[in-house]
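Here is how the chains run, residue by residue.
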Amino acid sequence: QVQLVESGGGLVQVGGSLRLSCRASGIAFSIYEMGWYRQAPGKQRELVASVSRGGSTSYEGSVKGRCTISRDNAKKTVYLQMNSLKPEDTAVYYCNANGRPLGLSNYWGKGTLVTVSS
């Protein structure tokens, strides 16, 4: 059974930092492209950051310079370090394992809530 379990969300003040973690089980983690998405109330889910199986990273424009995605294949875990948080970063953050480039399935975690208060 495939599971992606996020942790690390919570309430933080403007300018603060959080580190999200997503631990995977049931998949060959190292071959998947991993991503963090977020969905704010009333908005569509959007890609925040992704890291390829080779370690290449990409970021959504508004988080560039403030967030860092990384992966630890030995721990089957992907991280999202978020700094200088803003109220507009408030959302549920979802972990994604994208196997489609390899003809595999796409998997989602249940999400972790990040609330940035001013």
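So, here's what we can say about the structure. (Residues numbered from 1 in each chain as written. Predicted model: local features only at pLDDT ≥ 70, side-chain atom pairs only at ≥ 80, totals over all residues. Heavy atoms only, no water.)

**Comments concerning the sheet that holds strand β3 (residues 18-25)**
To keep things clear, this is the line we draw: Strands are treated as partners if at least two bridges between them are detected by DSSP. By definition, any uninterrupted DSSP run of H or I lasting at least four residues is a helix, any uninterrupted run of E lasting at least two residues is a strand, and each is numbered from the N terminus. Axis definition: a line fit to C-alpha positions, over the contact stretch in the case of helices; interaxial angles, taken between N-to-C directions, run 0 to 180 degrees.
One open sheet holds the four strands; their spatial order is β1-β3-β8-β7, and the pairing between them is antiparallel. Looking at strand neighbours, the two that pair on one side only are β1 (3-7) and β7 (67-72), the edges of this open sheet. Mean inter-strand twist for the sheet, computed between neighbouring axes without regard to direction, equals 15°. Pairing between β7 and strand β8 (residues 77-82): six bridges, direction antiparallel. Across the sheet, isoleucine 69 pairs through a bridge with leucine 80, a residue of β8.

**Considerations on the side chain of aspartate 89**
Cut-off, in case you're wondering: Relative accessible area decides the class of each residue, using a 1.4 Å probe on protein chains only: under 20% of the type maximum gives buried, over 50% gives exposed, and in between gives partly exposed. Pairs of N or O atoms are called polar contacts if they sit within 3.5 Å, as long as, within protein, a hydrogen donor faces a hydrogen acceptor (for residues adjacent in sequence, only side-chain-to-side-chain pairs). The contact definition used throughout considers only heavy atoms, calling two residues in contact when any of these lie within 4.5 Å.
Its location among the elements puts aspartate 89 in the loop between β8 and β9 (91-98). Residue class for aspartate 89 comes out buried when judged on its relative accessible area of 2%. Side chain to side chain, aspartate 89 and arginine 66 meet in a polar contact 2.8 Å long. Within polar-contact distance, the side chain of aspartate 89 engages the backbone nitrogen of lysine 86 at 2.7 Å. Excluding residues within four positions of it along the chain, aspartate 89 makes contact with Arg38, Arg66, Ser84, Val114 and Val116.

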